[in-house]
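Residue-level listing of the chains:
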Amino acid sequence: LFIRFCNVIQRHYVKATRQTVGAEVRTLAVADFNYIRKIKLASCGDQVTLDDFKRVWAWLGPYLHRIRYQRHLCSLWLSGAVFGFIDRPHVETLLLQSSRPGAFILRFSERVPGTNKMVKNTHSH
């Protein structure tokens, strides 16, 4: 089931980000799981097979590895400076609503596992 999948991913995430169980600073939120479902599990419904899990892990695993072993990235991630789970249209909408030229959002690439994309606001109001 999808909920069991979420629990397994959350446990791996907490361990990878070196957080203490029960005293987490940043956990994966429902919106994060909905994003993962939308881009990697759209055709699965509530059933997540082993192949589905492997497909998600092939994409998510490299990000967790970077967050765990690149300490500067881990602190940025835990503080919320890296947005992570957000698609390009949502980023563009948020940045267009921003009144701060030069504002930017770091997000995970949907196509290239382990890489980040920076989207910058070049518009002024």
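Here we summarise the structure given alongside this text.

## A few points about the overall build of the protein
Within the protein one finds 5 helices and 2 strands. Mapped from its N terminus to its C terminus, the protein presents α and β elements in the order α-α-α-α-α-β-β. On C-alpha atoms alone, the protein measures out to a radius of gyration of 15 Å, which is about the 14 Å that the 2.2 N^0.38 rule sets for 125 residues. For the protein, the residues scored as buried account for 38% of the 125 residues in total.

## Concerning helix α2 (residues 30-40)
Residues of α2 that are buried include every one of Asp32, Phe33, Tyr35, Ile36 and Lys40, and no others. Looking straight down α2, one finds its buried side chains confined to an arc of 155 degrees; they lie on one side. Exposed side chains of α2 directed beyond 90 degrees from the buried face belong to Val30, Ala31 and Lys38. Packed against the buried residues of α2 are α1 (2-16), α3 (50-69) and β1 (104-108).

## Focus on unusual backbone geometry
The backbone phi angle of Arg18 is positive, close to 60 degrees, even though this residue is not glycine. By secondary structure assignment, the location of Arg18 is in the loop between α1 and α2. On the basis of relative accessible area, Arg18 is assigned to the partly exposed category, the value being 39%.

## Brief notes about the nonpolar core
Membership of the largest hydrophobic core comes to 26 residues, with the highest contact counts inside it found for Phe5, Ile36, Trp59 and Phe85. Listed by contribution, the elements that provide at least two residues to this core are α1, α2, α3 and α4 (71-79). Broken down by element, this core gets its largest block of residues, 7 residues, from α1. Not counting residues within four places of it along the chain, the set of residues in contact with Phe85 comprises Leu28, Asp32, Tyr35, Ile36, Trp59, Leu60, Trp77 and Phe108. Formed by 6 residues, the second largest nonpolar core is a distinct cluster that contains Ile86, Val91, Leu95 and Val119.

## Observations concerning the side chain of Arg26
When you line up the elements, Arg26 lands in the loop between α1 and α2. Although Arg26 lies buried, it forms no salt bridge, and the closest oppositely charged side chain, Asp32, sits 5.5 Å away as judged by the N-O distance. Apart from the residues lying within four places of it in its own chain, the contact partners of Arg26 are Tyr13, Gln19, Trp77, Leu78, Gly80, Val82 and Phe83.

## Some thoughts on the pattern of salt bridges
Counting across every chain of the model gives 3 salt bridges. Between Arg37 and Asp46 there is a salt bridge whose closest N-O contact spans 2.9 Å. Asp52 is the partner of Arg55 in a salt bridge, and the nearest nitrogen-oxygen pair spans 3.1 Å. Separated by 3 residues within a single helix, Arg55 and Asp52 lie in helix α3, roughly one turn from each other.

Reading the values: rules and limits
Residues numbered from 1 in each chain as written. Predicted model: local features only at pLDDT ≥ 70, side-chain atom pairs only at ≥ 80, totals over all residues. Heavy atoms only, no water. Helix = DSSP H or I, 4+ residues; strand = E, 2+ residues; numbered from the N terminus. Rg over C-alpha atoms; globule rule 2.2 N^0.38 Å. Buried < 20%, exposed > 50% of the residue type's maximum accessible area, 1.4 Å probe, protein only. Arc of directions from axis to C-beta. Contact = heavy atoms within 4.5 Å. Core = buried A, V, L, I, M, F, W, Y, C linked by side-chain atoms within 4.5 Å. Lys, Arg positive; Asp, Glu negative; His and termini not counted. Salt bridge = Lys/Arg side-chain N within 4 Å of Asp/Glu carboxyl O.

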